[in-house]
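The residues making up each chain are set out below.
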Amino acid sequence: MPSSIITVWGYATVVFWTVLLVPSLIMMIRKRISRCLPNTEVPEDWPLISVIVPAKDEAETIEQTLNSLLASDYPRLEIIAVNDRSTDETGAIMERVAAEAKQQERTSMQILQIEELPSDWLGKSHAMHQGVKIANGELLLFTDGDIIFTPQAISHATRIFLHKQLDHLCLLPQLARGGIIEMAFIAFFGFLLTGGTFLWLVPTRWTYAYIGIGAFNLVKTSVYESVGGFETIKLDVLDDIKLGKLIKHHHYRQDIYLAIEQLKVRWQPSAWGVITGVEKNSFASFNYSVIRLILVMMLYLSFFVMPFIMPFFFPLAQTLGFIITVVLLHLCYAMIAVLFSSGVRVTPLMFFASLALAFAICRSAWITLKNGGVRWRDTTYPLDVLKKNLY
């Protein structure tokens, strides 16, 4: 291979990762809620917020989530917990927590029990859709059954929401600490999110930069209704992200903030749990296209893997760009790991984590194609139906 091509390739990788990572990383550092909150005002009239909490077989986490919401200092809150066909004690726990909250005259809480899933809906989207039907809030907050809120989380987020005059606000939570390999994997997901979603362009009018976070999607009820809500994306596996896409494509104001002091989640219980946990969503993020997956894997090999390999086979003068890229990648990964509470100790595991996540994505594609669809939470969704209903 001509030395000039190797040199240009090396410096091209520096430019590639600088454009993808640096602006979004700067944005994440600047947009921590705790840093931005002093610039906002305490509203005289707080809008009523309806918190929709769908859960299926979440008996281990749902009580802590609901109690953290009930402990919120937000003055006008209604909680709608939706038990989506659970086979464990999720529904009973919801009822008990609601009864205790009523006895203590705490925040309003309703329980919605869903027994059947229509054939033309995904379970979680249907659960949230049903929750919205009985909601009274001016704002809707969609969250998950394993998120832990601090008492100030919702009030702080709402101050940002009102100050920025937003229509849709997403918050990135802190990922609770686990084993070092698990945390390395999670930090690499943060790395992919930072580099792959153009976070710094989300607040702009560019419709191709959008975001949705299952842990915290706060949206005006009027906006949700005007875009058609979950009924528009009822068979799209990426429900949280596609809600963000739907809102952004209708030209509403959207933004994302880092909320590591306000929200916490233990995403998966182990390193292997991280691999299996992306089984549903990974191939869906490529619109179930093998061609797209192959193209992305080629980019991964060319711009991520090769910088680690080329310096071992070619002179320093030709591979300096690759070396700079490796240093840049490790610095950005370390900063993201700190932001996501994984800690700098995971930095040496970056390359290993990237291989593991590449395996997880390919595994997701293989399982989806082999099964002819996506199986999740005891429900199977045929691949041809999912493809036809992509948003």
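Structure's up top.
Just so we're clear, the structure is a prediction, and the values are computed from it rather than from any experiment.

### What about the pattern of salt bridges?
Counting across every chain of the model gives 12 salt bridges. Residues Glu100 and Arg96 are paired through a salt bridge, measuring 3.6 Å at the closest nitrogen-oxygen approach. Here Arg96 and Glu100 lie together in helix 4 (residues 90–103), a separation of four residues that amounts to about one turn. You can call Glu100 partly exposed: its relative accessible area is 30%. By relative accessible area, Arg96 is classed as partly exposed at 36%. A salt bridge links Lys220 to Asp167; the shortest N-O distance between them is 3.4 Å.

### So, a nonpolar patch on the surface
Together, Val290, Ile291, Ile294, Leu295, Met298 and Leu369 line one region of the surface with nonpolar side chains, adding up to about 580 Å² of accessible area. Sorting elements by how many residues they give to the nonpolar patch places helix 12 (residues 290–309) first, with five residues. Along the chain, the position of Val290 falls in helix 12. With relative accessibility at 39%, the residue Val290 sits in the partly exposed group.

### Observations concerning a positive patch on the surface
Taken together, the side chains of Arg30, Arg35, Lys164, Arg205 and Arg253 make up a positively charged region of the molecular surface. Inspection of the secondary structure puts Arg30 in helix 1 (residues 3–30). A residue is classified by how much of its surface remains accessible, and Arg30, at 47% relative accessible area, is partly exposed.

### Section: the pairing of strand 7 (residues 217–220)
Residues in a regular strand point their side chains to alternate faces of the sheet. Where strand 4 (residues 139–142) meets strand 7, four bridges bridge the pair, whose relative direction is antiparallel. Its bridge partner being in strand 7, Leu140 is matched across the sheet by Val219. Two strands pair when backbone bridges link them, and strand 6 (residues 168–175) and strand 7 are joined in this way by three bridges, in the antiparallel orientation. Bridge assignment links His168 to a residue of strand 7, and that residue is Val219.

What counts, and at which threshold
Residues numbered from 1 in each chain as written. Predicted model: local features only at pLDDT ≥ 70, side-chain atom pairs only at ≥ 80, totals over all residues. Heavy atoms only, no water. Salt bridge = Lys/Arg side-chain N within 4 Å of Asp/Glu carboxyl O. Helix = DSSP H or I, 4+ residues; strand = E, 2+ residues; numbered from the N terminus. Buried < 20%, exposed > 50% of the residue type's maximum accessible area, 1.4 Å probe, protein only. Patch = residues over 30% accessible without salt bridge, like charges linked within 9 Å, V, L, I, M, F, W, Y side chains within 5 Å. Areas by Shrake-Rupley, 256 points an atom, 1.4 Å probe, with all protein chains shown as cover. Lys, Arg positive; Asp, Glu negative; His and termini not counted. Charge placed at Lys NZ, Arg CZ, Asp CG, Glu CD. Pairing = 2+ DSSP bridges.

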